[in-house]
Amino acid sequence: MNVGLATLPNGLRIVTDRIGTVATVSLGLWVDVGTRHEPALVNGVAHFLEHMAFKGTERRSALAIAEEIEAVGGHLNAYTSRESTAYYAKVLKEDVALALDILADILQHSTFEPEELERERTVILQEIGQAHDTPDDIVFDYFQERAYPDQAMGRPVLGTPEIIRNLPRQAVVAYLAEHYGASRMVLSASGNLDHEPFVALAHRLLGDLPAERAVTTEPARYVGGEDRLDRDLEQLHLVLGFPGVPLCDPDYYAAAVLSTAFGGGMSSRLFQEVRERRGLVYAINSFAHSYRDGGLFGIYAGTGEDEAAELLPVLCDETLKLADGFLPPELARAKAQMKAGLLMSLESTSARCEQMAQHMLIHGSPFDPDEIVRRIDAVDDAAIGRVVARWRDGRPTLVALGPVGGVETFARLEARLAG
């Protein structure tokens, strides 16, 4: 990888990854703030701001933004997560200046016109409604809330309908002004570009961004517990989880390998035992989500009402077996899956751009695929054992959405997991 680094006087970090064999460039601004940095009364404002950034600036209307980028065959997009927000584009190499000009414009000169804001308020309410109509999606919001109740880390990224309906324009404007400082941003670009001209362009377009913003958030406090939501659905959607590991934890890659071996593919233990051998589910997988100061490890399963009573005991049994570790072939397959996924992603300028940005935000250094491969290869039974042992430090989290009558009690679940 041909990586360049720079920092502007205002603290904006710039990372470029030159790939001379492609015709495109992916670029974007990643901001080290997200849903967990919102006050509770304006939950959803970070996501609302992300929407409004594309709705007009002092010199471009919402239509002009769309027309300018699409006139050169490029595209713009954005996303909000619990800990960061991203605004990014992909264009042909000759259109990098246009793309960065648009990104700089929407983050510094958006006007938040009242009419546009009201239209986007309706769009976001529809987005929330669509999420609630997608049970295998919304169940993860319920899981997050139960794992981290009554705190910033547990609140939904989209906000709630009640808050979004009443969110004032000034709250959106204030969130941008109070949270978007250059020292909390990374400008990343990957593709056919040269580092020095890109840095000079960034200095001209983004050099006036304010440097510091005093951003705070409450610590993540895993609590756990259960939540049963009885809805008239054909399937039961169930998530069972435990405390995970933070992003910078030495066992971060062990947790990722564990999740892949346990429920990351068709050869995984969960897929083979629960779906293929027993036929209890249509969909099943495990996941490891890490944050700055916490994490979650969990299992998602979609099952029928008649299979619910049998499913949870099986999941508990399989979870308890993890204390014995994996067979060498299981561990080898999981590592191969992770390394292949990583190396295949290097063929995408968009993936490389995001990987660079996220690594800079979290670790303060460029993304190094060779180092990550070494860390994956270094995962052994002892590391897997340390991750599993952490689950004893907290209660499990169980969320069931759908026909929940067949799901056994939480007390019985805790007793099973206690061994």
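What this report covers is the structure whose coordinates are included nearby.

Here is what the cut-offs are and how they apply
Residues numbered from 1 in each chain as written. Predicted model: local features only at pLDDT ≥ 70, side-chain atom pairs only at ≥ 80, totals over all residues. Heavy atoms only, no water. Helix = DSSP H or I, 4+ residues; strand = E, 2+ residues; numbered from the N terminus. Rg over C-alpha atoms; globule rule 2.2 N^0.38 Å. Buried < 20%, exposed > 50% of the residue type's maximum accessible area, 1.4 Å probe, protein only. Contact = heavy atoms within 4.5 Å. Areas by Shrake-Rupley, 256 points an atom, 1.4 Å probe, with all protein chains shown as cover. Lys, Arg positive; Asp, Glu negative; His and termini not counted. Charge placed at Lys NZ, Arg CZ, Asp CG, Glu CD. Pairing = 2+ DSSP bridges. Axes fitted to C-alpha atoms, helices over the stretch in contact; angles between N-to-C directions. Salt bridge = Lys/Arg side-chain N within 4 Å of Asp/Glu carboxyl O. Core = buried A, V, L, I, M, F, W, Y, C linked by side-chain atoms within 4.5 Å. Phe/Tyr/Trp six-rings, centres within 6.5 Å; stacked < 30°, edge-to-face > 60°.

**As for the overall build of the protein**
When helices and strands are tallied, the protein shows 16 helices and eleven strands. For the protein, the C-alpha radius of gyration of 23 Å lies close to 22 Å, the compact-globule estimate for 419 residues. Overall, the protein is about 60 × 50 × 35 Å in size when its C-alpha atoms are taken along their principal axes. A burial count over the protein gives 55% of its 419 residues as buried. Counted over contacts in the protein with a minimum sequence separation of 6, partners at least 24 positions apart contribute 81%. Accessible surface, the protein: about 17900 Å² in total, of which carbon and sulfur atoms supply 51%. The protein carries 39 positive and 61 negative side-chain charges, and their two centres are separated by 4 Å.

**Some words on the sheet that holds strand 5 (residues 85-92)**
The strand order 1-2-6-3-5-4 describes an open sheet built from six strands, whose pairing is mixed. In the strand order of this sheet, the two ends are held by strand 1 (2-7) and strand 4 (75-80), each with one partner. The mean angle between the axes of side-by-side strands here comes to 15°, regardless of whether they run parallel or antiparallel. Bridging between strand 4 and strand 5 involves six bridges; their strand directions are antiparallel. If you follow A78 over to strand 5, its bridge partner there is Y87. Sitting on the sheet, helix 1 (residues 45-52) touches strand 4 and strand 5, and the angle it makes with strand 4 is about 170°.

**Overview of the sheet that holds strand 10 (residues 294-304)**
Strand pairing in a sheet takes place through backbone hydrogen bonds and is either antiparallel or parallel in direction. The five strands are arranged 7-11-8-10-9 in an open sheet whose pairing can be described as mixed. Edge positions in the open sheet fall to strand 7 (225-230) and strand 9 (281-291), since each of these has one partner strand only. Going across the sheet, the axis of each strand differs from the next one's by a mean of 10°, ignoring polarity. Pairing of strand 7 with strand 11 (residues 397-402), which is carried by six bridges, proceeds in the parallel orientation. Directly across from E226, in strand 11, lies its bridge partner L398. In this fold helix 5 (residues 135-147) packs onto strand 7, strand 8 (235-243), strand 9, strand 10 and strand 11, with an angle of close to 145° to the strand it touches most, strand 11.

**Overview of the pattern of salt bridges**
A full pass over the atoms with the stated rule returns 31 salt bridges. Where D251 meets R386, a salt bridge forms, and the shortest distance between an N and an O atom there is 2.8 Å. Taken together, the residues D251 in the loop between strand 8 and helix 9 (252-263) and R386 in helix 15 (residues 381-390) connect sequence positions 135 residues apart. The buried category is assigned to D251, whose relative accessible area is 5%. For E318, the salt bridge is made with K321, and the minimal N-O distance between the two is 3.0 Å.

**A few points about the nonpolar core**
Across soluble globular proteins, nonpolar side chains show a tendency to be buried alongside one another. The biggest cluster of nonpolar side chains holds 74 residues, and the ones touching the most others in it are L27, Y87 and Y180. It is helix 3 (residues 96-108) that contributes the most residues to this core, eight residues altogether. Discounting chain neighbours no more than four positions away, the residues touching L27 are Y87, Y88, A89, V91, V96, A99, L100, L103, S188, A189, F198 and C353. Residues V186, L240, M356 and L417 belong to the second largest nonpolar core, which totals 60 residues.

**Describing the packing of aromatic side chains**
Evaluated as defined, the whole model comprises 13 aromatic pairs. An angle of 40° between the planes, with centres 5.6 Å apart, marks the rings of F140 and Y300 as tilted. With F140 in helix 5 and Y300 in strand 10, this residue pair connects regions lying 160 residues apart in the sequence. Centre to centre, the rings of F242 and W391 are 4.8 Å apart; their planes meet at 15°, and the pair counts as stacked. Here W391 lies in the loop between helix 15 and strand 11 and F242 lies in strand 8, a separation of 149 residues in the sequence. With a relative accessible area of 5%, F242 lands in the buried category.

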